[in-house]
Amino acid sequence: MKKPKLSFPQIWNLSFGFLGVQIGYSLQNSNTSTIFESMGADLHQLSYFWLAAPIAGLIVQPIVGLFSDGTWTRLGRRIPFILGGAIVSALALALMPNAPLLLAFAPLAMGAFILLFMDLSFNVTMQPFRALVADMLDDEQKTKGYVVQTFLINLGAVVGAVLPLILTKFGVSDTAPAGGVAPHIAFSYYIGGAILLLTVLVTSFKTREYPPEEFARYNDRSVEQTAEKPSFGELMRNIPRVMLQLGVVQFFSWAALFLMWTYLKPAITGVVTSHETGMLLTDGQTQTWVGVLNGTYPIPACIASLFIGGIASRYGNKVVYAACLLFGAAGFAGLSCISDQYALMIPMVGIGIAWAGILAMPYAILSRAVDARRMGVYMGIFNFTITIPQIAVGLAGGVIVKYLFHGSPMSMLVLAAVFMLLAAVSVAIVRETK
């Protein structure tokens, strides 16, 4: 029995909460390094603080997926986890700028604790959104569902990245007090937390998940079969082969992204120049411009997401996936060659196209190969392919930049270009389920 076709507003509401989550995540990506530098962290320590996000995802997402697969409440299977995680995420965003005040004698320790707390809650909120799209849509609409989700993710990334810049235009200071967080960043975190909570409430109350009997019928199973709970070991033994193949591509692409998020700000500090005067930007101006750059690449990603579904239906998911990653490799290479602040936006176009492919294509490919009863836990396990490369690079990043690249963060962006090129080449090993 086929699932009913959902209207565009219904598909939109499935992922609308992801808009708010991504605003919070974008704020974290753009400002974490600066916040920790203001608390006293040096360049060689930054990658270790960034380990909080992938470690949280590695632990939390499979657990949330496993439990949500077997959960049914008045709100549904996935919604309780989305809503609960959003409440905690909003609280964490409010606490993060105040870490130096909460534990004045050890602000780095408090900041690291809140960052881990934030990433745990982000992952509880994010993971069910992937499974929710697969639960609610039939195979013909899944690519469309993930493309809409990709559009909302990138829209949220733009909003989160430019919030500090918008606040400076309204007169909020971008100068951080000694050992503290700049006001424009702090107020961005407060606003981002509020938006996150509001958008998740829309998804929570506008989405009606299929109850167990209806879900079982749509997937040609009995309720008893749907409720079966295999062991985690059995699930790992039965991982679809395509997940392992996609994992190779994911390793290189997410390693490249992690390098950019960690080292973009230190890489362009003392390098990027004002377009108007040709003078080097100050540290505060550079941080604000990093937010602009992080808000630039989601814009072409939004535009690309409007077209990749149709292109993929004509030429295939793999062709589109590989092409997107090649644009990303060119973008990372461009970052290491340009110093003008506005010209730096050009490489971000290529990175944005890669980002659109990374957010949509692997899930469109994977969702067709996974048993619907196990969609949540396998989407959580698939998150290993996102978190493991980030953990590996986070652990090795400090050593690489210090000993291999002699303290040059710009060299880490060149390494990101190499990783993204390897990701594009690796798409060839993926064997898609027809």
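Quick notes on the rules
Residues numbered from 1 in each chain as written. Predicted model: local features only at pLDDT ≥ 70, side-chain atom pairs only at ≥ 80, totals over all residues. Heavy atoms only, no water. Helix = DSSP H or I, 4+ residues; strand = E, 2+ residues; numbered from the N terminus. Buried < 20%, exposed > 50% of the residue type's maximum accessible area, 1.4 Å probe, protein only. Polar contact = N/O pair within 3.5 Å; in protein donor to acceptor, adjacent residues only side chain to side chain. Contact = heavy atoms within 4.5 Å. Salt bridge = Lys/Arg side-chain N within 4 Å of Asp/Glu carboxyl O. Phe/Tyr/Trp six-rings, centres within 6.5 Å; stacked < 30°, edge-to-face > 60°. Core = buried A, V, L, I, M, F, W, Y, C linked by side-chain atoms within 4.5 Å. Patch = residues over 30% accessible without salt bridge, like charges linked within 9 Å, V, L, I, M, F, W, Y side chains within 5 Å. Areas by Shrake-Rupley, 256 points an atom, 1.4 Å probe, with all protein chains shown as cover.

### Some points on the environment of Met-375
Next up, step 1: By secondary structure assignment, the location of Met-375 is in helix α17 (residues 375-382).
Next up, step 2: Assessed through its relative accessible area of 1%, Met-375 is described here as buried.
Next up, step 3: Along the backbone, Met-375 and Leu-66 are 309 residues apart, and their C-alpha atoms lie at a distance of 8.9 Å.

### Side note on unusual backbone geometry
Negative phi is the rule for most residues except glycine; trans is the rule for most peptide bonds.
Next up, step 1: Phi is positive for His-406, which is not a glycine, with a value near 55°.
Next up, step 2: Position of His-406 among the secondary structure elements: in the loop between α18 (384-404) and α19 (409-426).

### A closer look at the side chain of Asn-31
Next up, step 1: Take Asn-31: it is sitting in helix α1 (residues 8-38).
Next up, step 2: Polar contacts involving the side chain of Asn-31 include one to the main-chain carbonyl oxygen of Leu-27, which spans 2.9 Å.

### Some details on the side chain of Ser-188
Next up, step 1: Structurally, the position occupied by Ser-188 is in helix α8 (residues 183-206).
Next up, step 2: Setting aside chain neighbours within four positions, we find Ser-188 in contact with Leu-27, Leu-163, Pro-164 and Leu-167.

### Some words on the pattern of salt bridges
Next up, step 1: Applying the stated criterion across every chain, the model contains four salt bridges.
Next up, step 2: The salt bridge partner of Glu-214 is Arg-208, with a shortest N-O separation of 3.2 Å.
Next up, step 3: For Glu-214, a relative accessible area of 13% gives the class buried.
Next up, step 4: Put simply, Arg-77, Arg-78 and Asp-135 are held in one network by salt bridges that share partners.

### A closer look at the packing of aromatic side chains
Next up, step 1: The full count for this structure, using the stated rule, is 16 aromatic pairs.
Next up, step 2: With centroids separated by 6.2 Å and ring planes inclined at 40°, the aromatic side chains of Phe-252 and Phe-419 adopt a geometry described as tilted. With Phe-252 in helix α12 (residues 241-268) and Phe-419 in helix α19, the pair connects residues that are 167 residues apart, well separated along the chain.
Next up, step 3: Judged by its relative accessible area of 17%, Phe-419 falls in the buried class.

### A short note on the nonpolar core
Next up, step 1: Judged by nonpolar contacts, the single largest core of 124 residues is most densely connected at Leu-264, Ile-308, Leu-325 and Phe-332.
Next up, step 2: Sorting elements by how many residues they give to this core places α12 first, with 16 residues.
Next up, step 3: Beyond its immediate stretch of four places on either side in the chain, Phe-332 contacts Ala-256, Leu-257, Met-260, Ile-351, Leu-413, Ala-416, Ala-417 and Met-420.

### What to know about the environment of Ala-134
Next up, step 1: Within the secondary structure layout, Ala-134 lies in helix α6 (residues 107-136).
Next up, step 2: Residue classification places Ala-134 among the buried positions, given a relative accessible area of 3%.
Next up, step 3: Through-space distance from the C-alpha of Ala-134 to that of Gly-376 is 9.0 Å; in sequence the pair is 242 residues apart.
Next up, step 4: Residue contacts for Ala-134: discarding those within four places in its chain leaves Lys-3, Lys-142, Tyr-146 and Met-375.

### Things to note about a nonpolar patch on the surface
Next up, step 1: The grouping of Ile-299, Ile-303, Leu-306, Phe-307, Ile-311, Tyr-315 and Val-319 at the surface amounts to a nonpolar patch, some 710 Å² of accessible area in total.
Next up, step 2: Per-element tally for the nonpolar patch: the top contributor is helix α14 (residues 298-315), with six residues.
Next up, step 3: Examined against the element boundaries, Leu-306 turns out to sit in helix α14.
Next up, step 4: On the accessibility criterion, Leu-306 (58% relative accessible area) is exposed.

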